[in-house]
Amino acid sequence: MMEPQARDEDLIRRYLDGDVQAFGTLVERHERRVYNLALRMTGREEDARDATQDAFLSALRKLKGFRGEAAFTTWLHRVTVNACYDLLRKRQRAPLLHERPPDEGPPRPEPAEPDHADTVDLSVDVQRALLEVPPDFRATLILCDVQDLPYEEAAAILGVPIGTVKSRLHRGRVALGRALGVPTLRERPDAAGPSEGTMSR
Amino acid sequence: MTHPEDLLADYADGTLPDDERAVVDVHLSSCETCREEVALASRAIPALASLPEEPVPFGVTEPIVAEARRIVQQRRPAWGRIQWAAGLAAAACLVLLAVVAVPRLTDGTDEEQTLRAPAAEAGIGQEGVGGTTLEALPALELLDRDLDERDARRLAREAAKVAPSVPRTSDAAVEAPDDAIGCLVASGATLDDRDVLVRLIQARYLGTPAYVGVFHEGPGGGEPPERVVVWIVSKADCTILTLLSQSL
């Protein structure tokens, strides 16, 4: 049962004191964001399920060490992003634009399988394009443009300065725009752009 | 040419202060590269916003909560576990297993025959048949959903991901006179020191109202379990609808 008034930190303390329901409330409160972050990062329901479980299990096992310096949501998002990176590495399915041979088409991982048929066409195209964006940029896009988190929170989750978040966000959007195949003013070969965090290129 | 890259995300978001926006506008008027990038970014933003938030599928987080419960129960001393079980029963919160202490089912009752016959058929000895432990009895999860073979495989896979439960020997043998457990037992499932029932679900399986038992099954004697068994029976007549197992 949801306890909207209880703070995450209080639920954690109650769980550590033996209240399993408090942990259930914590999971119920955050599972949707965690699952959707994983779904957009990995692009497959099966992988998203695994990453979500890995993230929550990892969080569960580290709860005792959670000191509350960061908000629990920030910490949980970080654990989730890391679980996704681990999973993408393990499956060697990360479609990295900059590692692709220039004359080979982009890899086409299986698209997600949304439950609602009416959203399939558009969201599958966007999801497929998203998987062509390098993972670091993709994570930034999901946090800022899908989950609508402030730059500051994305920076805390990703453990990078805000300037890096802004740079990754811009480069990621450009890469996504290209992957979507939208008309451009002119085509340039440096699709992924220069290294992040620079003022000039 | 120096490009104001650190401003372009805010520019595309429309959150740049007027003075900085003016700087970017001046730059864009003479930089085709940045104009193109801003155009691409401006198309990416609504595309990302259009991604729907998907519901969390069945069975993703339930094993996590089960694992949290297992960890708490391991920490709790024996008297605490009994208090916990008694509290649950008293509150009758979701747990419909009325835990009643009874003698071990080793005195030749009909139930014992039901318990033992399939175990013997499966080549499992009967000596260990007795009460299951308090902490092995999960709450019944009520799912208004039709499951299929794929869901059954997921249940097994997900139960295999949580740390294996080691059955404990308890002095207080218990019986769970509950339809779900009774039905699983009637169909041949065993609850003894080799098996830990980790999940108990009421749902439908291919359209048939069903009970689902997810077990960690092992050699007994305090040894860790070796596999997950998913046991799905008809709620109406307790016949087995499907069985599957997966190694841990």
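Residues numbered from 1 in each chain as written. Chains lettered and ligands numbered in written order. Predicted model: local features only at pLDDT ≥ 70, side-chain atom pairs only at ≥ 80, totals over all residues. Heavy atoms only, no water.

Enquirer: Explain the overall build of chain B here, please?
Expert: Secondary structure assignment for chain B yields eight helices and seven strands. Within chain B, buried positions represent 48% of all 248 residues. Pairs at least 24 residues apart make up 64% of the contacts formed inside chain B by residues separated by at least 6 positions. Here chain B has roughly 11100 Å² of accessible surface; of this, 53% comes from carbon and sulfur atoms. (Helix = DSSP H or I, 4+ residues; strand = E, 2+ residues; numbered from the N terminus. Buried < 20%, exposed > 50% of the residue type's maximum accessible area, 1.4 Å probe, protein only. Contact = heavy atoms within 4.5 Å. Areas by Shrake-Rupley, 256 points an atom, 1.4 Å probe, with all protein chains shown as cover.)

Enquirer: In this structure, what is going on with the sheet that holds strand E2 (residues 140–147) of chain B? I would like to understand it.
Expert: Residue and element names in this part refer to chain B. Taken together, five strands build an open sheet; the order of strands is E2-E4-E5-E6-E7 and the sheet is mixed. Single-partner strands in this sheet number two, and they are E2 and strand E7 (240–247). For this sheet the average axis-to-axis angle between neighbouring strands, irrespective of direction, equals 20 degrees. In this structure, E2 lies alongside strand E4 (residues 195–205), joined through five bridges in parallel fashion. Across the sheet, residue Leu-140 finds its bridge partner in E4, namely Leu-200. Each of E2, E4, strand E5 (208–217), strand E6 (227–234) and E7 touches helix H7 (residues 149–161); the most contacted strand, E7, lies at about 35 degrees to it. Docked against the sheet, helix H8 (residues 179–186) engages E2, E4, E5 and E6, running at close to 75 degrees with respect to E5. (Pairing = 2+ DSSP bridges. Axes fitted to C-alpha atoms, helices over the stretch in contact; angles between N-to-C directions.)

Enquirer: Which parts of the structure should I look at to understand the pattern of salt bridges?
Expert: Opposite charge on two side chains lets them pair, provided their charged atoms get close. Here the structure, examined in full by the defined rule, presents 27 salt bridges over all chains. One salt bridge connects Arg-173 of chain A with Asp-145 of chain A, and the closest N-O pair in it is separated by 2.8 Å. Residue Arg-173 of chain A is found in helix H8 (residues 162–179), and its partner Asp-145 of chain A is found in helix H6 (residues 135–146); the two are separated by 28 residues along the sequence. Looking at Arg-173 of chain A, the relative accessible area reads 0%, which means it is buried. Taking the relative accessible area as the measure of exposure, Asp-145 of chain A reaches 11% and is therefore buried. Beyond isolated ion pairs, a larger network of salt bridges with shared partners links Glu-45, Glu-46, Arg-49 and Asp-50 of chain A together with Arg-145, Arg-150, Asp-151, Arg-154, Arg-157 and Glu-158 of chain B. (Salt bridge = Lys/Arg side-chain N within 4 Å of Asp/Glu carboxyl O.)

Enquirer: How should I be thinking about the packing of aromatic side chains in this particular structure?
Expert: Any pair of aromatic rings gets described here by the distance separating the centres and the angle formed by the planes. Inspection of the entire model under this criterion finds three aromatic pairs over all chains. Between the aromatic rings of Tyr-15 of chain A and Phe-23 of chain A, the centroid separation amounts to 5.1 Å while the plane-to-plane angle is 45 degrees, which identifies the pairing as tilted. Judged by centre distance (6.4 Å) and plane angle (75 degrees), the rings of Phe-215 of chain B and Trp-231 of chain B are edge-to-face. Here Trp-231 of chain B lies in strand E6 and Phe-215 of chain B lies in strand E5, a separation of 16 residues in the sequence. No difference in accessibility class separates Phe-215 of chain B from Trp-231 of chain B, as the two residues are buried. For Arg-21 of chain B, the ring lying beneath its charged end belongs to Tyr-11 of chain B, and the centroid distance is 4.2 Å. (Phe/Tyr/Trp six-rings, centres within 6.5 Å; stacked < 30°, edge-to-face > 60°. Lys NZ or Arg CZ within 6 Å of the ring centre and 35° of its normal.)

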